[in-house]
Amino acid sequence: MSGTTRTSADLDPRRRRTLFRAWHRGIREMDLIMGRFADAEIGALSEEELTQFEALIEVPDRDLFRWLTGEDATPENYDTAVYRRLKAFHRHDAPIHN
């Protein structure tokens, strides 16, 4: 089960590969974090943004998770516009149930 809700039929090979890799990281929590972001944003990312996202995919799950939760500081070279979009994409400032 991949979890993806997006078809990759309209994507070029690089974006298809990146979408697949976002959903198949190893730790299910990170699959959901990276995969859901990729489902929503992969088609709109510029080439440079796609490169930044691919770099985030290469980060070990444990490290990336600690950065996203604020447990560890994000290294400067990974604190990109795409990283900040990924982090904001999963931010919840209000209760999910009203």
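Here the structure is a predicted model, which means the values were calculated and not measured. (Residues numbered from 1 in each chain as written. Predicted model: local features only at pLDDT ≥ 70, side-chain atom pairs only at ≥ 80, totals over all residues. Heavy atoms only, no water.)

This paragraph deals with the overall build of the protein. Scanning the protein from terminus to terminus reveals 5 helices and 0 strands. Ordered by position in the sequence, the α and β elements of the protein form the string α-α-α-α-α. Per-residue burial for the protein yields a buried fraction of 34% across its 98 residues. Working note: accessible area of the protein is about 6,100 Å², and carbon and sulfur atoms make up 52% of it. (Helix = DSSP H or I, 4+ residues; strand = E, 2+ residues; numbered from the N terminus. Buried < 20%, exposed > 50% of the residue type's maximum accessible area, 1.4 Å probe, protein only. Areas by Shrake-Rupley, 256 points an atom, 1.4 Å probe, with all protein chains shown as cover.)

Here we come to the nonpolar core. What tends to happen in soluble globular proteins is that the nonpolar side chains get buried as a cluster. Core analysis: the largest hydrophobic core is formed by 22 residues, its most contacted members being Met34, Phe53, Leu56, Leu64, Leu68 and Leu86. Ranked by the residues each element gives to this core, the list is headed by helix α2 (residues 28–41), at 5 residues. With sequence-adjacent residues up to four places away left out, Leu56 is seen in contact with Arg25, Met34, Leu64, Tyr78, Val82, Tyr83 and Leu86. (Core = buried A, V, L, I, M, F, W, Y, C linked by side-chain atoms within 4.5 Å. Contact = heavy atoms within 4.5 Å.)

An α-helical turn contains 3.6 residues, so any two residues separated by three or four positions project in the same direction. Taken together, the buried positions of helix α4 (residues 61–69) are Asp61, Leu64, Trp67 and Leu68. Projected onto a plane normal to the axis of α4, the buried residues spread over an arc of 135 degrees and lie on a single side. Where α4 is buried, its residues contact α2, α3 (47–57) and α5 (81–89). One or two positions beyond α4, positive phi appears at Gly70, with a value near 80 degrees. (Arc of directions from axis to C-beta.)

This next bit is on the packing of α3 against α5. Two elements in contact, α3 and α5, have axes whose closest approach is 8 Å; the angle formed by their N-to-C orientations is 65 degrees. When the axis of α3 is compared with that of α5, the two are roughly perpendicular. Seen from above, α3 lies across α5 with right-handed handedness. Residues Glu49, Gln52, Phe53 and Leu56 of α3 touch α5, and the partners they reach there are Ala81, Val82, Tyr83, Arg85 and Leu86. Partitioning the contact of α3 with α5 into residue classes produces 6 nonpolar, 1 polar and 2 charged. (Axes fitted to C-alpha atoms, helices over the stretch in contact; angles between N-to-C directions. Parallel < 35°, antiparallel > 145°, perpendicular 65-115°, else oblique. Left-handed = near helix turned anticlockwise from the far one by under 90°. Nonpolar A, V, L, I, M, F, W, Y, C, P; charged D, E, K, R; others polar.)

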